[in-house]
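Report on the structure
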Amino acid sequence: MSETPDGRVSKHFIEQAIDADLASGRFDRVATRFPPEPNGYLHIGHAKSICLNFGLAQKYNGTCNLRFDDTNPAKEETEYVDSIMEDVRWLGFQWDNLHYASDYFDQLYLWAEQLIKDGKAYVCDLTGEQTREYRGTLTEPGRNSPFRDRTPEENLELFRAMRDGKFPDGARTLRAKIDMASPNFNLRDPVMYRILRAHHHRTGDKWCIYPMYDWAHGQSDSLENISFSICTLEFENHRPLYDWFCQNLKIHNPRQIEFARLNITYMVMSKRKLLQLVKEKHVKGWDDPRMPTISGLRRRGYTPESMRNFAADVGVAKFNSVIDIVRLENAVRDHLNRVAPRRMAVLDPLKLTITNWPKNADGSDVIEMTHAVNNPEDPDAGSREIPFSGSLLIEQEDFREEAPGKFFRLKKGGAVRLRAGYIVDCHDVVKDAGGKVVEVLCTYDPATKSGEDTSGRKVKGTIHWVSAAHAGEVEVRNYDRLFTIESPETPDGGKTFLDVINPESLQITKAWVEPSLVDAAVGDRVQFERLGYYCVDPDSAPGKPIFNRTVPLRDTWGKIEAKQG
RNA sequence: UGCCCGAUAGUGUAAUUGGCAACACGACAGAUUCUGACUCUGUUAUUCUAGGUUCAAGUCCUAGUCGGGCAGCCA
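Keep in mind the model is a prediction, meaning the values are calculated, not measured. (Residues numbered from 1 in each chain as written. Chains lettered and ligands numbered in written order. Predicted model: local features only at pLDDT ≥ 70, side-chain atom pairs only at ≥ 80, totals over all residues. Heavy atoms only, no water.)

**A word on the sheet that holds strand 9 (residues 209–211)**
Pairing in this open sheet of 4 strands is antiparallel, and the strands run 6-7-8-9 from one edge to the other. Here the strands that pair on one side only, and so sit at the sheet edges, are strand 6 (121–124) and strand 9. Sheet twist, expressed as the mean angle between neighbouring strand axes with direction ignored, is 20 degrees. Relative to strand 9, strand 8 (residues 191–195) runs antiparallel, the two being bridged by 3 bridges. Residue pairing across strands places Ile195 opposite Ile209, the latter belonging to strand 9. (Pairing = 2+ DSSP bridges. Helix = DSSP H or I, 4+ residues; strand = E, 2+ residues; numbered from the N terminus. Axes fitted to C-alpha atoms, helices over the stretch in contact; angles between N-to-C directions.)

**Some words on helix 9 (residues 271–279)**
Residues of helix 9 that are buried include every one of Lys273, Leu274, Gln276, Leu277 and Val278, and no others. Lys281 lies just past helix 9 and shows a positive phi near 60 degrees. (Buried < 20%, exposed > 50% of the residue type's maximum accessible area, 1.4 Å probe, protein only.)

**Describing the nonpolar core**
Counting 41 residues, the largest nonpolar core has Ile44, Ile50, Val88, Ile264 and Phe310 as its most contacted members. Where this core is concerned, the elements lending two or more residues are helix 2 (44–59), strand 4 (63–68), helix 3 (78–90), helix 10 (294–300), helix 11 (304–314) and helix 12 (325–339). If one sorts the elements of this core by residue count, helix 2 sits on top with 6 residues. Of the domains in this structure, domain 1 (13–259) and domain 2 (271–341 + 474–564) are the two that each give at least three residues to this core. (Core = buried A, V, L, I, M, F, W, Y, C linked by side-chain atoms within 4.5 Å. Domains from an automatic or database assignment.)

**Some points on the pairing of strand 17 (residues 391–395)**
Most of strand 17 is tucked away, with 4 of its 5 residues classed as buried. Bridge analysis of strand 14 (residues 349–354) against strand 17 gives 5 bridges, and the strand direction is antiparallel. Counted as the bridge partner of Pro349 is Glu395 from strand 17. Here 3 bridges tie strand 17 to strand 24 (residues 465–467), and the two strands are oriented antiparallel to one another. By the bridge assignment, Ile394 is partnered in strand 24 with Trp465.

**Points about the packing of aromatic side chains**
A complete count under the given rule lists 24 aromatic pairs for this structure. Relative to Phe228, the ring of Phe27 has its centre 5.1 Å away and its plane inclined at 65 degrees; by these criteria the two rings are edge-to-face. Taken together, the residues Phe27 in the loop between helix 1 (13–24) and strand 3 (31–34) and Phe228 in strand 10 (residues 228–232) connect sequence positions 201 residues apart. Assessed through its relative accessible area of 5%, Phe27 is described here as buried. Consider the rings of Trp215 and Phe245, whose centres lie 4.8 Å apart with planes at 70 degrees: the pair is edge-to-face. Residue Trp215 is found in helix 7 (residues 213–223), and its partner Phe245 is found in helix 8 (residues 239–249); the two are separated by 30 residues along the sequence. (Phe/Tyr/Trp six-rings, centres within 6.5 Å; stacked < 30°, edge-to-face > 60°.)

**Focus: the pattern of salt bridges**
The full count for this structure, using the stated rule, is 49 salt bridges. Here Arg29 ties to Asp28 by a salt bridge, and the two come within 3.3 Å at their closest N and O atoms. Residue Arg29 is classed as partly exposed on the basis of its relative accessible area, which comes to 32%. One salt bridge connects Arg299 with Asp539, and the closest N-O pair in it is separated by 3.2 Å. On the criterion of sequence distance, the pair formed by Arg299 in helix 10 and Asp539 in the loop between strand 28 (532–536) and strand 29 (546–552) is long-range, its members being 240 residues apart. Residue class for Arg299 comes out buried when judged on its relative accessible area of 16%. With relative accessibility at 45%, the residue Asp539 sits in the partly exposed group. Three or more residues are tied together by salt bridges with common partners; here these are Asp287, Arg299, Glu475, Arg477, Asp537 and Asp539. (Salt bridge = Lys/Arg side-chain N within 4 Å of Asp/Glu carboxyl O.)

**Things to note about unusual backbone geometry**
The backbone of Ala420 sits at a positive phi, close to 60 degrees, despite the residue not being glycine. For Ala420, the location among the structural elements is in the loop between strand 20 (415–418) and strand 21 (423–431). You will see that Arg530, though not glycine, has its phi angle at about 70 degrees, which is positive. For Arg530, the location among the structural elements is in the loop between strand 27 (525–528) and strand 28.

**What to know about the packing of helix 7 against helix 8**
Running from amino to carboxyl end, helix 7 crosses helix 8 at an angle of 65 degrees, the nearest separation of the two axes being 9 Å. Read as a crossing pair, helix 7 and helix 8 show a hand that is right-handed. Residues Asp214, Trp215, His217, Gly218, Gln219 and Asp221 of helix 7 lie in contact with helix 8, whose contacting residues are Leu241, Tyr242, Phe245, Cys246 and Leu249. Grouping the constituent residues of the contact of helix 7 with helix 8 by class yields 6 nonpolar, 3 polar and 2 charged. (Left-handed = near helix turned anticlockwise from the far one by under 90°. Contact = heavy atoms within 4.5 Å. Nonpolar A, V, L, I, M, F, W, Y, C, P; charged D, E, K, R; others polar.)

**Points about the layout of surface pockets**
Approximately 940 Å³ is the volume found for the largest pocket. Lining the largest pocket are 35 residues; nearest its centre among them are Glu37, Asn39, His46, Phe235 and Lys271. For the lining of the largest pocket, the secondary-structure elements that each account for two or more residues are strand 3, helix 2, helix 7, strand 10 and helix 9. A per-class count over the lining of the largest pocket returns 12 nonpolar, 11 polar and 12 charged. Each of domain 1 (13–259) and domain 2 (271–341 + 474–564) contributes no fewer than three residues to the lining of the largest pocket. In this model, the second largest pocket occupies a volume close to 670 Å³. Lining the second largest pocket are 23 residues; nearest its centre among them are Glu397, Arg409, Arg530, Leu531 and Asp555. Secondary-structure elements contributing two or more residues to the lining of the second largest pocket are strand 29 and helix 13 (556–563). Examining the composition of the lining of the second largest pocket, we find that 4 residues originate from one element, helix 13, more than from any other. Of the residues contributing to the lining of the second largest pocket, the split by class is 6 nonpolar, 6 polar and 11 charged. Three or more residues apiece are contributed to the lining of the second largest pocket by two domains, here domain 2 (271–341 + 474–564) and domain 3 (345–464). (1 Å grid on protein atoms, 1.4 Å probe; cavity = no way out; pocket = protein on both sides within 12 Å on 5 of 7 lines; lining within 4 Å. Points joined across faces, edges and corners; volume = space filled by probe spheres on them.)

Right, here's the structure in full:
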């Protein structure tokens, strides 16, 4: 739901469907569920689904369950279950009930016997390959399995034997008896159970037959009294089967509604590809800050609020869209701008010496504390004191010996304000043997101290700095997009997504930071003024923080420069 | 050559369900600024095409075009 300018509330198509079903009496409440398969870590696409399902429950004063769709023991692990629960909570949601599809295995088995007795399911001896051949093609109908007309008695006996482990893996299946000529493949006698000897993360070795998705999902929804079963577009063709099972079992029939999954430029979202990135060590793990996983984005410094805002921002529809990654970046900037304390850090230092700075009797610099606002967007954030001296570090790129008029920073013969400090005038530089500027020499204007400026001077630029003697030295990990092209899932020229990994997606560097930052705690988020938002990484040790760049600040000057070549 | 679904500024989402095509982001131009950030202002459309119904069509009908999905004992 969102507000239009004239105050009306606009609802997306799922909310409209819910309104209609509530009004018609088809359902009297909203019950949703988020049903991940625990075979990998959740990514931002799942976050959209989580926000949708839990969000709907909140808006309609209904309920939302978390249910693990754990019907394939070959792929599923407890590690993934734990990470999924952590991610859902971190996003800010609490499920009403926690379930596992595997909790329903007994009920599912009973229902299967019921369908067999009703003559609506049969045991099929076809091999996997034969099953495929019999299924037909896109343009030709399938053919009936030669085992399709077994009697309910025979089917029951064989099915129980399947359950009891009398047959090897893959030898037989239980199939629903629907219509081999249906234009919808899902209705061509879909497999309900396969024989599979694998240790299940919850049921152990109790079962050697496991239900297929279609046979487990809708029935699980039904058992939980779900009203709206929201899933992604690729399940649209499954809906007739979803309804067929509920109707033939004569059980509560939730309404399945499909929406388009989330795609974002410069990201891959398939679990298979993400698994590959992890397994082949192209990244450091599922929570590598370059991953689109919720845990990766969390480590990168994204906030739950920004991710929820992003999900709301991209909307819900049936159109298969690709969201520009800048919208995600914008969402986190927008939130962090409001909440992240400002700090100063210099990543690529250049020495700046103030030649007229006062000295103590012993020849050392006088140290003066200056007053800096913590967050101009948030008066409640207060202010802090930073040590200022005659020996500072500024950013290399903030100084040019000679520069065009549009360059507002420091140049020889020019002036600039040192943020929360003084205005300085540059009168000379010191170069090394190679002619590279290694130090800039300035004078400061005592009447221009930040907060008590009586000079009336105006300068065009303000730059950040740290006092050389007081700066803490820390590690900084500057992250960038993991891929070099917009659509890494489909690169040109026979390349794969692995060929378009951005070799510069992680740049480790040092930074010199204002003193308070040395004690930053894991998870702390700050804005390095004029650079970007940073978050303290779990790899940090006490007194040795490591800062991950969440996202850089928008850089208008960088754009202008790039354009001018 | 089958079935299902979709198509509205560059990108995404709206349009009181047949009544002046709007909002966000981006891009561009400008203002402001002790962060070239933030903020503010302006610019950015033959609603895929062709017919039809209607006083009136983005919305309804017909045909077409383009895009996505479907032939796992995966989910």
